[in-house]
Amino acid sequence: MFANGLAFVRRLSNFLEVDKNILSQLNKICAENENVHIKDKDEVGKKIAALINGGKDSLQVISDFDMTLSRYSYNNKRCPSCHGVLETSADLLPRETMDKLKVLKDRYYPLETDPTLTIKEKIPLMIQWWEGNHKLMEESGISYDGIRKAVSTSGAMMRDGHEEFFKDLNDMDIPLLIFSAGLGDVLNEIIRQRSNFYPNMKVVANFMKFDDKGVMCGFQGNLIHTFNKNESALENSSYFEQVASRKNVIILGDSMGDLRMADGLKDIDTCLKIGYLNAEVDDWLEEYKNKWDIVLVEDSTLGVAQTVLSSVLDTHV
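All values derive from a computational prediction rather than experimental measurement.

**Details of the overall build of the protein**
Moving on, step 1. Secondary structure assignment for the protein yields 13 helices and 11 strands.
Moving on, step 2. Its C-alpha atoms give the protein a radius of gyration of 19 Å, within 12% of the compact-globule value 20 Å for 317 residues.
Moving on, step 3. The dimensions of the protein, computed from C-alpha atoms along their principal axes, are 60 × 40 × 35 Å.
Moving on, step 4. Per-residue burial over the protein gives 56% buried out of 317 residues.
Moving on, step 5. A separation threshold of at least 6 residues defines the contact pool for the protein, and within that pool the share at least 24 residues apart is 70%.
Moving on, step 6. When the accessible area of the protein is evaluated, it comes to approximately 14,400 Å², of which 46% is carbon and sulfur surface.
Moving on, step 7. Across the protein, the centroid of the 37 positively charged side chains sits 0 Å from that of the 49 negatively charged ones.

**Considerations on the packing of aromatic side chains**
Moving on, step 1. With the rule as written, the count across this model stands at 7 aromatic pairs.
Moving on, step 2. Ring geometry for W129 and W130: centres 5.1 Å apart, planes at 70 degrees, overall edge-to-face.
Moving on, step 3. For W129, a relative accessible area of 9% corresponds to the buried category.
Moving on, step 4. Judged by relative accessible area, W130 falls into the buried class, the value being 8%.
Moving on, step 5. Their ring planes at 75 degrees and their centres at 6.0 Å tell us that W284 and Y288 sit as a pair that is edge-to-face. Of this pair, W284 and Y288 both sit in helix α12 (residues 281-291), 4 residues apart, which is roughly one turn of the helix.
Moving on, step 6. Under the relative-accessibility criterion, W284 is labelled buried at 12%.
Moving on, step 7. Above the plane of the ring of Y276 lies R159, whose end atom (NZ or CZ) is 3.8 Å from the centre.
Moving on, step 8. In this arrangement the basic side chain of R192 is found over the ring face of F197, its NZ or CZ atom lying 5.5 Å from the centre.

**Overview of the sheet that holds strand β2 (residues 59-63)**
Moving on, step 1. Spatially, β1-β11-β10-β9-β2-β5-β6 is the arrangement adopted by the 7 strands of the open sheet, whose pairing is mixed. A single partner strand is all that each edge strand has here, and the edge strands are β1 (36-37) and β6 (201-206).
Moving on, step 2. Bridge count for β1 against strand β11 (residues 294-297) is 2 bridges, and the pairing is antiparallel. Of the residues in β11, the one forming a bridge with V36 is L296.
Moving on, step 3. On the sheet, helix α13 (residues 303-312) packs against β2, β9 (248-253), β10 (270-277) and β11 and is oriented at approximately 160 degrees with respect to β10.

**Quick notes on the pattern of salt bridges**
Pairs can form between side chains of opposite charge once their charged atoms are near each other.
Moving on, step 1. What the rule picks out here adds up to 17 salt bridges.
Moving on, step 2. Ionic pairing is found between D160 and R71, a salt bridge with its closest N-O pair at 3.3 Å. Taken as a pair, D160 in the loop between α7 (144-152) and α8 (162-171) and R71 in the loop between β2 and β3 (73-74) lie far apart in primary sequence, 89 residues in all.
Moving on, step 3. Given a relative accessible area of 31%, D160 falls into the partly exposed group.
Moving on, step 4. The buried category is assigned to R71, whose relative accessible area is 9%.
Moving on, step 5. The shortest N-O distance in the salt bridge between E139 and K135 comes to 2.6 Å.

**Some words on α13**
Moving on, step 1. Burial analysis of α13 places 10 of its 10 residues in the buried class, the great majority of the element.
Moving on, step 2. Where α13 is concerned, the buried positions are G303, V304, A305, Q306, T307, V308, L309, S310, S311 and V312.
Moving on, step 3. Following α13 by one or two positions, D314 has its phi on the positive side, about 60 degrees.

**Considering the pairing of β6**
Moving on, step 1. A large share of β6 lies buried, amounting to 5 of its 6 residues.
Moving on, step 2. Handedness of the crossover is the feature at issue here: the chain leaves strand β5 (residues 176-183), passes through helix α9 (residues 184-194), returns alongside β6, and the resulting connection is right-handed.

**Brief notes about the packing of α8 against α13**
Moving on, step 1. With their axes 10 Å apart at the nearest point, α8 and α13 run at an angle of 30 degrees to one another. One element, α8, and the other, α13, form an angle in the roughly parallel class. Relative to α13, the crossing made by α8 is left-handed. Along the contact surface, α8 presents E164, F165, D168 and L169, while α13 presents A305, Q306, L309 and S310.
Moving on, step 2. Residue composition of the contact of α8 with α13, grouped by class: 4 nonpolar, 2 polar and 2 charged.

Calculation criteria
- Residues numbered from 1 in each chain as written.
- Predicted model: local features only at pLDDT ≥ 70, side-chain atom pairs only at ≥ 80, totals over all residues.
- Heavy atoms only, no water.
- Helix = DSSP H or I, 4+ residues; strand = E, 2+ residues; numbered from the N terminus.
- Rg over C-alpha atoms; globule rule 2.2 N^0.38 Å.
- Buried < 20%, exposed > 50% of the residue type's maximum accessible area, 1.4 Å probe, protein only.
- Contact = heavy atoms within 4.5 Å.
- Areas by Shrake-Rupley, 256 points an atom, 1.4 Å probe, with all protein chains shown as cover.
- Lys, Arg positive; Asp, Glu negative; His and termini not counted.
- Charge placed at Lys NZ, Arg CZ, Asp CG, Glu CD.
- Phe/Tyr/Trp six-rings, centres within 6.5 Å; stacked < 30°, edge-to-face > 60°.
- Lys NZ or Arg CZ within 6 Å of the ring centre and 35° of its normal.
- Pairing = 2+ DSSP bridges.
- Axes fitted to C-alpha atoms, helices over the stretch in contact; angles between N-to-C directions.
- Salt bridge = Lys/Arg side-chain N within 4 Å of Asp/Glu carboxyl O.
- Right-handed = clockwise from strand over helix to strand, strands pointing away.
- Parallel < 35°, antiparallel > 145°, perpendicular 65-115°, else oblique.
- Left-handed = near helix turned anticlockwise from the far one by under 90°.
- Nonpolar A, V, L, I, M, F, W, Y, C, P; charged D, E, K, R; others polar.

Written as structure tokens, this is what we have:
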């Protein structure tokens, strides 16, 4: 891993100022940083140039949350997802419920990340997992105050550079859609407690319902899991209509399902896809390189996205 993405960021900052040098610099970056992978450098160079030429008023960002905006690990220890924050909170859930949630995770997580299964084969398995998980949580009497406390004591962390990335997007009125299969109430609390929640942000996720006593009593809307974000995108057509004039998109994600987050947009001129490959690199690297424009292996920062954004804003990292 390059040091916090700084080597990549410095070089990318340099070449983005001079359009004609993009391809040569991309080749050099990939040669010098083994965790940066770009299969088609010519195509990526053209996309970056198009984003720059389109400017901030043509740009929007769509990002996954768990293990994309949030960190996958810290000091060789896994950081929890939104679901994981609650699943491991002994102050919030009974031990029996925590044990049942762990059984579900141990069964279904390996299937979610199994490279031998197709997405079509994974979808019914993910529905079983999410529905089982949510049913157990609904039966546990979770309160919003309990969620707030669980987040405060959890190991959830944002990726390095989140402060500048979020602030720049907000200051320049660039919409940020956070599209998550996680728990929306937990996600919001993580951002509020670990970062800043700005007016330009919209979150699409699995949000809970609470009764008049503040106790969880179900979930709002349709289930969102890892591999149905394309369907959820279409269901949020009103949002995409609001940003329809912004035809340049940066997508950030860590799963193959994240590639479909922009399906609700009818017309896209340029879509730059930046994918984080956090684990099982040998199994997934070639597939990620085939699908994502830029693949970042075990990178803990938002440095690459920030540098591309800064070039569009005509600023420097």
